[in-house]
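Chain by chain, the residues:
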Amino acid sequence: MSAPAAERPTNVVVVLLDSLNRHHLGSYGGEEFATPNLDRFAREHGARFTRHVTGSLPCMPARHDILCGALDFLWKPWGSIELWEEPLTRELGRNGVATMLVTDHPHLFETGGENYHTDFFGWEYLRGHEGDMWRTCPDPTWLGAPSRPAVRGGWWWERSLGIEADTLDRGYDRSRTWFRSEDDYPGPKTMRVAADWLRRESAHHDRWLLFVDEFDPHEPFDVPEPWLGRYDDEPWDDELLIWPPYADGAISRGQLTEREGRHIRANYGSKLSMIDHWFGQVLDALDEQHLWGSTAVIVCTDHGHYLGEVRGGRDVWGKPAVPQFEPLGHTPLLVHWPGRPGGDTIDALTTNVDLHATLCDVFGVQPAHRTHGVSLVPLLTGEATAVREWAIGGVYGNWVQVTDGHHKYARAPEGDGFPLAMWSNRWSTMPVHGLAFPLLPLPDDRAELARMPGSTVPVLRQPFQAGDMLPFFASGDRIVGAHHLYDLGVDPDEQENRRGEALERELVDLLTEALTATDAPAEQFERLGLRH
């Protein structure tokens, strides 16, 4: 269902804030950290979606959901746009829509993400975030550096695994020494450039899409004054901990102190408040250019970030090999739609592939490849109160999750965790600079040519079996049988796993229905112990 022509915006701004925790936004009831500009947007302009959930994870798979519209975590762990699919931006270009990317996200310019920016009409990459190999050495003087010294990015690997800290090369450890003021940090630079584009260039196009892919508040949780230490509950005199652990039970296992945990959590809050402040520049530019009447504005994220929330009796940090519990998998979505008053809520179940379908709907284009999203336009215009009955998501080679918006079921593999296969013509996984061991096995003589659903393009399918090296993220047999089922209406903190109850049979059937509708590969049904 499409919006009436009179209500259809001619332009769209998408602001993707990486690792944005729903429960820390004031508009969603958060009180721990200040987010006045995101709250202003929700109050004055945006509809607040209350049941938006993750799909493919983590970073690049989530962007694939949004820019290509197809879930890919059932087929591969990470990766570029494949030969059988086209990004939204290519189709928009053919239809006369100007597209602009403003980003500081390093993965878009590394192997495994290198062809997402190429079909934008224009793009600007602001350097220096996280793993961006921007500088080859630290500033030897630290002259004017606006922040305090910080522990190097490999500290957690050394403490938890005994891997020497310097083995893991985090480009940001060098980059941050070259900053001279808050204006030099990647997040502020990105928001400033986006606001400038709205002021200087948007009026020169009849229809346009501005996509702001902002890596904040993703780690490193590094900020200058006046944000530094804003949420620490007591003075922190040591080197800053700006790189969080990725761990299930860091404190409970004695590898992280409670004080270190509070400091890391506070640093996330400082990063969140800083990027919220600079997001205000984008709002100001929309005000100044009088764009609210012609422009839809979407604020979204790829996933949340665990900051010590307790699940299964253990504190969870980062994005470790656990199911997508609510802090990470239940995400914020704020949408301004011209003619719709701000400050209201939409309670329908939605997920990130729906953002792709929505953008296609707004601009009147149709994807040529198989996609999995449903347009949110009928929800925004009031023509519908629901657009889907289920949503699935997960990380390749781990749990596969389904939700109906009220219950969440994370299905683990059965047996030995296999079969599992990787389907891709662009062989890649998440880059981690400096590690001496490989993160991705090469295809071998078991590989075969197959076809993706709806495509005649041959694709390399590499099967794996017990004992094989697996792609980064895949858990193999480590999580066999560890199913999770939660009734979110009565247990939003997911403290009571209800697997084994009669409800599980209903959710197994729903997951089977969802996987069938998604054309999931046959090996996924087999590894999960589901009938196909």
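The structure presented is a predicted model; accordingly, all values stated were derived computationally and were not measured.

The rules we used
Residues numbered from 1 in each chain as written. Predicted model: local features only at pLDDT ≥ 70, side-chain atom pairs only at ≥ 80, totals over all residues. Heavy atoms only, no water. 1 Å grid on protein atoms, 1.4 Å probe; cavity = no way out; pocket = protein on both sides within 12 Å on 5 of 7 lines; lining within 4 Å. Points joined across faces, edges and corners; volume = space filled by probe spheres on them. Helix = DSSP H or I, 4+ residues; strand = E, 2+ residues; numbered from the N terminus. Axes fitted to C-alpha atoms, helices over the stretch in contact; angles between N-to-C directions. Parallel < 35°, antiparallel > 145°, perpendicular 65-115°, else oblique. Left-handed = near helix turned anticlockwise from the far one by under 90°. Contact = heavy atoms within 4.5 Å. Nonpolar A, V, L, I, M, F, W, Y, C, P; charged D, E, K, R; others polar. Salt bridge = Lys/Arg side-chain N within 4 Å of Asp/Glu carboxyl O. Buried < 20%, exposed > 50% of the residue type's maximum accessible area, 1.4 Å probe, protein only. Pairing = 2+ DSSP bridges.

Caption draft 1: Quick look at the layout of surface pockets. Estimates place the volume of the second largest pocket at around 320 Å³. What lines the second largest pocket is a set of 23 residues, and nearest its centre among them are V53, E326, H330, G405 and L488. Every element with two or more residues in the lining of the second largest pocket is listed here: β2 (47-53), α8 (326-329), β13 (391-395) and β14 (400-403). With 4 residues, the top contributor of residues to the lining of the second largest pocket is β13.

Caption draft 2: The packing of helix α2 (residues 59-68) against helix α9 (residues 353-363), seen in detail. The interhelical angle for the contact between α2 and α9, taken along N-to-C directions, is 25°, at an axis separation of 6 Å. With respect to α9, the element α2 is oriented roughly parallel. In terms of crossing hand, the pair formed by α2 and α9 is right-handed. Residues D65, I66, L67 and C68 of α2 form the contact with α9, whose participating residues are V353, L355 and H356. Taken together, the residues of the contact of α2 with α9 sort by class into 5 nonpolar, 1 polar and 1 charged.

Caption draft 3: Layout of the environment of G489. Its place among the elements puts G489 in the loop between β19 (484-487) and α11 (502-517). Along the sequence, G489 and W84 sit 405 residues apart, while their C-alpha atoms lie 40 Å from each other.

Caption draft 4: Spatial organisation of the packing of helix α6 (residues 186-200) against helix α7 (residues 258-288). It is at 9 Å that the axes of α6 and α7 come closest, and there the two elements cross at 5°. It follows from the interaxial angle that α6 and α7 lie roughly parallel. In this structure, α6 contributes G187, P188, M191, R192, A194, A195, L198 and R199 to the contact, and α7 contributes M274, I275, W278, F279, Q281, V282, D284, A285, L286 and E288. A class-by-class count of the residues in the contact of α6 with α7 yields 12 nonpolar, 2 polar and 4 charged.

Caption draft 5: How the structure looks around the pattern of salt bridges. Counted according to the given criterion, the structure contains 44 salt bridges. Here D132 and R127 are joined by a salt bridge, their closest N and O atoms 2.7 Å apart. Judged by relative accessible area, D132 falls into the buried class, the value being 4%. R127 sits in the partly exposed class, given a relative accessible area of 29%. Between R446 and D444 there is a salt bridge, and its shortest N-O distance comes to 2.7 Å. The exposure class assigned to R446 is partly exposed, which follows from its relative accessible area of 28%. According to the relative accessible area criterion, D444 is partly exposed, its value standing at 32%.

Caption draft 6: Here's a closer look at unusual backbone geometry. Here the residue pair E225 and P226 is connected by a cis peptide bond, since its omega of 10° sits within 30 degrees of zero. With respect to the helices, strands and loops of the structure, P226 is situated in the loop between β6 (208-214) and β7 (247-248). Of note, the amide linkage connecting F418 to P419 takes the cis form, showing an omega dihedral of 10°. Structurally, the position occupied by P419 is in the loop between β15 (407-411) and β16 (420-423). The residue E130 is not glycine, and still its phi comes out positive at about 40°. Relative to the helices and strands, E130 resides in the loop between β5 (122-125) and α4 (155-161). Located in the positive-phi region is D519, a residue other than glycine, with phi close to 60°. Within the element layout of this structure, D519 appears in the loop between α11 and α12 (522-527).

Caption draft 7: Examining the sheet that holds β19 more closely. Strand order in the open sheet formed by 5 strands is β3-β13-β14-β15-β19, with mixed pairing between adjacent strands. Across the chains shown, the open sheet's two edge strands, defined by having one partner strand only, are β3 (56-57) and β19. Taken together, the 4 bridges between β14 and β15 define a ladder with antiparallel strand orientation. Pairing of T403 across the sheet is with K408, part of β15. Each of β13, β14, β15 and β19 touches α11; the most contacted strand, β15, lies at about 70° to it.

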